[in-house]
Amino acid sequence: MRSFPLAALPAACALAACGGEPENIQEKAENTSRMLEQRANEIEAEAANSVDAAAAPLENEANLLLAQPENGAGATENAADGTVGNVAGTRAR
């Protein structure tokens, strides 16, 4: 029986080193979940900003092309008579 208390001594020391309070697993899981959700929102916002930044030059170029008389302006003006971007009776290039 003398060896039992000596075998339990390392476990008792380990518990004492923890500060005496048992770990609250539910609270730790909730905190981790909140942190992961916050990080996911940050990553989503960064991705949206990256997409917007990449799309902006392309949208500007598309708007410039649409603003040119023979590309886009005529398409809406001539849509009623069946021509697209051209004067009626001419061929598209």
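Residues numbered from 1 in each chain as written. Predicted model: local features only at pLDDT ≥ 70, side-chain atom pairs only at ≥ 80, totals over all residues. Heavy atoms only, no water.

### Observations concerning the overall build of the protein
Helix and strand counts for the protein stand at three helices and zero strands. Within the protein, buried positions represent 5% of all 93 residues. (Helix = DSSP H or I, 4+ residues; strand = E, 2+ residues; numbered from the N terminus. Buried < 20%, exposed > 50% of the residue type's maximum accessible area, 1.4 Å probe, protein only.)

### Quick word on the pattern of salt bridges
Following the criterion strictly, the structure yields three salt bridges and no others. Measuring nitrogen to oxygen at the nearest pair gives 3.0 Å for the salt bridge that ties Lys28 to Glu23. We classify Lys28 as partly exposed; its relative accessible area is 49%. For Glu23, a relative accessible area of 54% corresponds to the exposed category. For Arg39, the salt bridge is made with Glu42, and the minimal N-O distance between the two is 3.2 Å. Note that Arg39 and Glu42 are positioned in helix H2 (residues 25-67) at a spacing of three residues, about one turn of the helix. For Arg39, a relative accessible area of 39% puts it in the partly exposed group. Residues participating in the shared-partner salt-bridge network are Arg39, Glu42 and Glu46. (Salt bridge = Lys/Arg side-chain N within 4 Å of Asp/Glu carboxyl O.)

### Quick look at H2
In this model H2 runs 62 Å from its N-terminal to its C-terminal C-alpha over 43 residues, within 8% of the 63 Å that 1.5 Å per residue would give. A maximum bend of about 30 degrees is found in H2 at Ala55, where proline Pro57 lies one to four positions downstream. A side-chain oxygen of the first residue of H2 lies 3.2 Å from the backbone nitrogen of Gln26; this N-cap is Asn24. (Expected span 1.5 Å × (residues − 1). Bend = angle between axes of the 7 residues up to and from the residue. Polar contact = N/O pair within 3.5 Å; in protein donor to acceptor, adjacent residues only side chain to side chain.)

### Observations regarding the confidence of the model for the protein
For the protein, the mean per-residue pLDDT works out to 74, and 53% of the residues sit at or above 70. Within the protein, no element has a lower average pLDDT than helix H1 (residues 3-17), which sits at 57, and none a higher one than H2, at 94. (pLDDT = per-residue confidence, 0-100.)

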